[in-house]
Amino acid sequence: MPSLHSQDHAPHGMPPPTTKKRATAEEIQADLRERIERYFAREGRPDGCEATPPRLLGAREAGGPNWTVDGFPGLPNGCFGALVRILDQARQEYELIS
């Protein structure tokens, strides 16, 4: 029978929280640039996009992202959804530090 004092504090059905990588805006932007370049190479499209520099946000919930970007200058048609997925993944992995 499970203990009430279990170490698992995640809501039922949710994975346990993970530790985020702490990085500066420059480090996160470099990682986003690499991910975007890999996406365009995989899709066989010419690269023409990068994310604006990350900026701090107040975390909306415990463990939530504390940063965002303001856009993707030069975004080619048909790429918005993929780049939003790339950004969302990075926001789950990184905590922005000063």
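We now turn to the structure provided with this report. (Residues numbered from 1 in each chain as written. Predicted model: local features only at pLDDT ≥ 70, side-chain atom pairs only at ≥ 80, totals over all residues. Heavy atoms only, no water.)

As for the nonpolar core
In step 1: I28, L32, W67 and L83 are the most contacted members of the largest nonpolar core, which totals 20 residues.
In step 2: The element contributing the most residues to this core is helix α1 (residues 25-43), with 6 residues.
In step 3: In this view, I28 contacts A23, P54, W67, Y94 and L96; residues no more than four positions away in its chain are not counted. (Core = buried A, V, L, I, M, F, W, Y, C linked by side-chain atoms within 4.5 Å. Buried < 20%, exposed > 50% of the residue type's maximum accessible area, 1.4 Å probe, protein only. Helix = DSSP H or I, 4+ residues; strand = E, 2+ residues; numbered from the N terminus. Contact = heavy atoms within 4.5 Å.)

Brief notes about the environment of D70
In step 1: Summarising the element assignment, D70 is placed in the loop between β3 (67-68) and α2 (80-93).
In step 2: Linking D70 and T52, residues 18 residues apart in sequence, is a C-alpha distance of 5.9 Å.
In step 3: In this structure D70 touches T52 and R55, once residues within four positions along its chain are discounted.
In step 4: Looking at D70, its side chain comes within polar contact range of the side chain of R55, at 2.8 Å. (Polar contact = N/O pair within 3.5 Å; in protein donor to acceptor, adjacent residues only side chain to side chain.)

Thoughts on the side chain of T52
In step 1: The topology assignment puts T52 in the loop between α1 and β2 (55-56).
In step 2: For T52, a relative accessible area of 18% gives the class buried.
In step 3: Of note is the side chain of T52, whose polar atom sits 2.8 Å from the backbone nitrogen of D70.
In step 4: In this view, T52 contacts Q29, V69, D70, G71 and P73; residues no more than four positions away in its chain are not counted.

Notes on the side chain of R91
In step 1: In this fold, R91 is placed in helix α2.
In step 2: No salt bridge forms around the buried R91; measuring N to O, its nearest opposite-charge neighbour D88 is 4.3 Å away.
In step 3: Here W67 takes part through its backbone oxygen, which lies 2.6 Å from a polar atom of the side chain of R91. (Lys, Arg positive; Asp, Glu negative; His and termini not counted. Salt bridge = Lys/Arg side-chain N within 4 Å of Asp/Glu carboxyl O.)

Let's talk about the environment of E50
In step 1: Position of E50 relative to the elements: it lies in the loop between α1 and β2.
In step 2: E50 sits 22 residues away from F72 along the chain, and the two C-alpha atoms are 5.5 Å apart.
In step 3: Those residues in contact with E50 that sit more than four places away from it in its chain are Q29, R33, I36, G71, F72 and P73.

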